[in-house]
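Residue strings, one per chain:
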Amino acid sequence: MNLKLYKPLCIFDLETTGTNIGKDRIVEICILKVNPDASRESKTWKVNPEMPIPLESSQIHGIYDEDVKDAPTFKQIASKVMEMISGADLGGFNSNRFDVPLLAEELLRAELDFDLNKFKLVDAQTIFHKKEPRNLGAAYQFYCDKTLENAHSAEADVMATFEVLDAQVGKYEDVPNEIADLSEFTFHNKNADLAGFVGYNDKNEEVFNFGKYKGQGVKAVFQKDLGYFGWLQNADFPLYTKKVFTKIQLSSKF
């Protein structure tokens, strides 16, 4: 194994009802947990999203309403998911932009706290796009010289993603093999939340990335316009973003 791990790394993939982080739901999740000694364990769950799966989504991942009608809801498996990822770092393919934010939403809806600061995030797609801009199937062919069978099956995708990530670390001398450094390498932009609504300025202070206060410090805005915080909490933002707003608002009182 080319990766140098000091704690477990959980590579995971989600199949979902769609791509709206705040509204769509998980229909399948697979987690591959790789330990520092290279031992592995994997879990796959079909999930009842408690909403109809749009046909266009089903045609991509092959999971239809009938396939998950008797499956557990995410809330019913949330504690098992949290148990598996606790104490680990997280990785995937396009995971920083989609899988991690959506997983955070599902965990928060299940009333389990997800704290981004407890995880290092590694995205194999970012490495691939920096080095060889393509998709997962092409990455698997390029790095592993294998054809990806059953693409958009969570289990097939997650196994291929781990092999791609491990091969990337072995191929490029300037791609680090330790997760902390690899996490930094795979981030495009550093944000305080998962959806990119809150960024940082050159003083490492949280700033708005949108709206009438774009570029201004969140803490300073809340101190002068508390009503804006109330509006944000009632608006259609992801739960994790609202959690970040709340944390900043509480600190703005001191």
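The structure this text deals with has already been given above.
Everything quoted here is computed from the prediction, not taken from an experiment. (Residues numbered from 1 in each chain as written. Predicted model: local features only at pLDDT ≥ 70, side-chain atom pairs only at ≥ 80, totals over all residues. Heavy atoms only, no water.)

K.L.:
Even after reading the chapter, I still don't get the overall build of the chain, so can you show me in this structure?
P.N.:
Helix and strand counts for the chain stand at eleven helices and seven strands. Its C-alpha atoms give the chain principal-axis dimensions of about 55 × 45 × 30 Å. By residue count, 51% of the 254 residues in the chain fall in the buried class. Taking contacts inside the chain between residues at least 6 apart in sequence as the whole, the part at least 24 apart equals 61%. A total of about 12600 Å² of accessible surface is found on the chain, and carbon and sulfur atoms cover 46% of it. When the 30 positive and 39 negative side-chain charges of the chain are each reduced to one mean point, those points stand 7 Å apart. (Helix = DSSP H or I, 4+ residues; strand = E, 2+ residues; numbered from the N terminus. Buried < 20%, exposed > 50% of the residue type's maximum accessible area, 1.4 Å probe, protein only. Contact = heavy atoms within 4.5 Å. Areas by Shrake-Rupley, 256 points an atom, 1.4 Å probe, with all protein chains shown as cover. Lys, Arg positive; Asp, Glu negative; His and termini not counted. Charge placed at Lys NZ, Arg CZ, Asp CG, Glu CD.)

K.L.:
Honestly, the pattern of salt bridges in this entry has me stumped. Any pointers?
P.N.:
Side-chain pairs of opposite charge can arise whenever the charged atoms involved come near each other. Applying the stated criterion to the full structure yields ten salt bridges. Lys 243 is the salt-bridge partner of Asp 113, the closest N and O atoms lying 2.4 Å from each other. Placement of the pair is Asp 113 in the loop between α4 (95-109) and β5 (121-123) and Lys 243 in helix α11 (residues 239-251), with a sequence separation of 130 residues. In this structure, a network of salt bridges that share partners links the residues Glu 66, Lys 69 and Asp 70. (Salt bridge = Lys/Arg side-chain N within 4 Å of Asp/Glu carboxyl O.)

K.L.:
What's the story with the packing of helix α3 (residues 74-85) against α4 in this structure? I'm lost.
P.N.:
Angle between the axes and distance between the axes: these two values describe a pair of packed helices. It is at 9 Å that the axes of α3 and α4 come closest, and there the two elements cross at 120°. One finds that α3 runs oblique with respect to α4. Of the two possible hands of crossing, α3 and α4 adopt the one that is left-handed. Together, Phe 74, Ala 78, Val 81, Met 82 and Ile 85 of α3 and Leu 103, Glu 106 and Leu 107 of α4 make up the contact between the two elements. Taken together, the residues that form the contact of α3 with α4 break down as seven nonpolar, no polar and one charged. (Axes fitted to C-alpha atoms, helices over the stretch in contact; angles between N-to-C directions. Parallel < 35°, antiparallel > 145°, perpendicular 65-115°, else oblique. Left-handed = near helix turned anticlockwise from the far one by under 90°. Nonpolar A, V, L, I, M, F, W, Y, C, P; charged D, E, K, R; others polar.)

K.L.:
Hey, could you run me through the sheet that holds strand β3 (residues 40-46) in this one?
P.N.:
By definition, the strands of a sheet pair up through backbone hydrogen bonds, in either a parallel or an antiparallel sense. On the basis of which strands lie adjacent, the open sheet formed by five strands has the order β3-β2-β1-β4-β5 and mixed pairing. Of all the strands in the sheet, the pair left with one neighbour each is β3 and β5. Looking at each pair of strands side by side, their axes are set apart by 20° on average, direction ignored. Bridging between strand β1 (residues 9-16) and strand β2 (residues 26-34) involves eight bridges; their strand directions are antiparallel. Bridge pairing links Leu 14 to Ile 29 in β2. Along the sheet, helix α5 (residues 124-131) makes contact with β4 (89-92) and β5, crossing β5 at roughly 45°. The strands that helix α7 (residues 154-171) touches are β1, β2, β3, β4 and β5; relative to β1, the one it contacts most, it runs at about 140°. (Pairing = 2+ DSSP bridges.)

K.L.:
I'm lost on the pairing of β4 in this one. Help?
P.N.:
Here β4 shows no split at all, with Asp 89 and Gly 91 on one side and Leu 90 and Gly 92 on the other all buried. Here β1 pairs with β4 via three bridges, running parallel. Among the inter-strand pairings, Cys 10 is bridged to a residue of β4, identified as Leu 90. Both β4 and β5 contribute to a ladder of three bridges, which runs parallel. When the bridges of β5 are listed, Leu 90 appears paired with Leu 121. Of the crossover connections in this fold, the one passing from β4 over α4 to the parallel β5 is right-handed. (Right-handed = clockwise from strand over helix to strand, strands pointing away.)

K.L.:
Explanation requested: the layout of surface pockets in the structure shown.
P.N.:
A volume near 930 Å³ is recorded for the largest pocket. Around the largest pocket, the lining is made up of 35 residues, and of these Leu 116, Phe 187, Lys 190, Asn 191 and Ala 192 lie nearest the centre. If you list the elements that add at least two residues to the lining of the largest pocket, you get α4, β5, α8 (179-186) and α11. A total of six residues in the lining of the largest pocket trace back to one element, the largest contributor, which is α11. Considered class by class, the residues forming the lining of the largest pocket number twelve nonpolar, eleven polar and twelve charged. Put simply, the second largest pocket is a space of about 560 Å³. In terms of lining residues, the second largest pocket is bounded by 25 residues, among which Leu 14, Glu 15, Ile 60, His 152 and Asp 157 are the most central. Residue assignment for the lining of the second largest pocket shows that the elements contributing at least two residues are β1, α1 (55-61), α4, α5, α6 (136-144) and α7. Of the residues that constitute the lining of the second largest pocket, the class distribution is seven nonpolar, twelve polar and six charged. (1 Å grid on protein atoms, 1.4 Å probe; cavity = no way out; pocket = protein on both sides within 12 Å on 5 of 7 lines; lining within 4 Å. Points joined across faces, edges and corners; volume = space filled by probe spheres on them.)

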